[in-house]
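Fold and geometry: a report
Here is how the chains run, residue by residue.
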Amino acid sequence: IVNGVLAAAVAAAIIILALYMSQMFRAENARIFYDVMADSISEKIDSRYFARYKSAAASLGGNGHIVNLLNGIETSEENADVVINTFGESLGAEIIYIMDLNGEVVSSTAFDGISLKGKNYFFRPYFKGAAAGENIVYPVLGVTTDKRGIYFSSPAADNGKILGVIVIKAGVSHIDETLEEITAPSALISPQGVIFSSNRQELLFRTVYPLGTEEREALKKSRQFSDVEISPFASDRGRIKMDGAYF
């Protein structure tokens, strides 16, 4: 049973997949029960997580200090740093950074003592989408931090003119903990079918179906999941193999 949680640009939809590994799954009443449960979990993740970070990214995109920094106004960098650090502490975000239209990070909070200032993420779809005026939600394994996170990006604009991009990276511990509320193996997956969060750690970065050559190459080129080897756990017969049994 697959339920959409949130759809965003650059194919950044997030969907909940509940894997009901029992004979009860075949019963109609079991399907209904788990469908309702998955909907409830989806709504909880959306309201407590996605909506909160999306709103914050959009708000930062219109902040005057950040706009001044991107406009090259002197003494604005310190003020912009204060703004993103304040937001970061309030949100519990892992990192917040500001990029110019070349994709270079011009201001950044610290993550584990590391600042991303000077790094360039022009290649990331969450940058390209936001630079084109979209609000993006994108699950990623960080190239620099090597941490799973959901990236929320919004354009930073001055009177409608896009000057740069705001990026908030949120950890996935809240999503992991929410999925733990489901007793059956459950996962949050990307539109490509890659498992990104789960209450079964062995499922991470597996796919729910075998990917074709073009799909694998596209994922590798995007570096969405860094250099992790993505492998399927679905058989060629379209069934899922888990714990030595097919479902």
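Everything quoted here is computed from the prediction, not taken from an experiment.

Attention shifts here to the overall build of the protein. What the protein contains, in helices and strands, is six helices and 15 strands. Residues classed as buried in the protein amount to 48% of the 247 residues present. Across the protein, every contact between residues at least 6 apart in sequence was considered, and the portion connecting residues at least 24 apart equals 53%. Accessible surface computed for the protein: about 11,900 Å², of which carbon and sulfur atoms make up 50%.

Another point: the sheet that holds strand β9 (residues 161–170). Strand order across the open sheet formed by five strands is β4-β3-β9-β8-β7, with antiparallel pairing between neighbours. Edge positions in the open sheet fall to β4 (105–108) and β7 (136–141), since each of these has one partner strand only. Neighbour to neighbour, the strand axes of the sheet diverge by 25° on average, direction disregarded. As judged from the nine bridges shared by strand β8 (residues 148–158) and β9, these two strands associate in the antiparallel manner. Directly across from P155, in β9, lies its bridge partner V165. Across the face of the sheet, helix α3 (residues 76–91) comes into contact with β3 (95–100), β4 and β9 while running at roughly 145° to β3.

Turning our eyes to something else, we now look at the nonpolar core. Core analysis: the largest hydrophobic core is formed by 43 residues, its most contacted members being Y49, I66, I98, I150, F152 and I168. For this core, the elements supplying multiple residues, two or more each, are α1 (28–60), α2 (64–70), α3, β3, β7, β8, β9 and α5 (173–179). Among all residues touching I168, those that are not within four sequence positions of it are Y53, A56, A57, L60, L91, A93, I95, I96, I150, Y151 and F152. Counting residues in hydrophobic clusters, the runner-up holds 16 residues, among them Y97, Y121, Y126 and V140.

Bringing the pairing of strand β10 (residues 186–189) into the picture now. Taking every second residue as pointing to the same face, both faces of β10 are buried, with S186 and L188 on one and A187 and I189 on the other. Direction of pairing for β10 relative to strand β11 (residues 195–198): antiparallel, over a ladder of three bridges. Residue pairing in the sheet places L188 in a bridge with S197 of β11. In this antiparallel pair of consecutive strands, β10 and β11, the connection spans five residues, and G193 shows a positive phi of 90°.

Quick look at the packing of aromatic side chains now. For any pair of aromatic rings, the description consists of the separation of the ring centres together with the inter-plane angle of the planes. Summed over the entire model, instances satisfying the criterion amount to 13 aromatic pairs. With centroids separated by 5.4 Å and ring planes inclined at 25°, the aromatic side chains of Y53 and F152 adopt a geometry described as stacked. Of this pair, Y53 sits in helix α1 while F152 sits in strand β8; the two residues are 99 residues apart in sequence, bridging distant segments of the chain. Taking NZ or CZ as reference, R52 lies 5.6 Å from the ring centre of Y53, over its face. The residue whose ring lies beneath K169 is F111, and the NZ or CZ to ring-centre distance is 5.8 Å.

Reading guide: rules and limits
Residues numbered from 1 in each chain as written. Predicted model: local features only at pLDDT ≥ 70, side-chain atom pairs only at ≥ 80, totals over all residues. Heavy atoms only, no water. Helix = DSSP H or I, 4+ residues; strand = E, 2+ residues; numbered from the N terminus. Buried < 20%, exposed > 50% of the residue type's maximum accessible area, 1.4 Å probe, protein only. Contact = heavy atoms within 4.5 Å. Areas by Shrake-Rupley, 256 points an atom, 1.4 Å probe, with all protein chains shown as cover. Pairing = 2+ DSSP bridges. Axes fitted to C-alpha atoms, helices over the stretch in contact; angles between N-to-C directions. Core = buried A, V, L, I, M, F, W, Y, C linked by side-chain atoms within 4.5 Å. Phe/Tyr/Trp six-rings, centres within 6.5 Å; stacked < 30°, edge-to-face > 60°. Lys NZ or Arg CZ within 6 Å of the ring centre and 35° of its normal.

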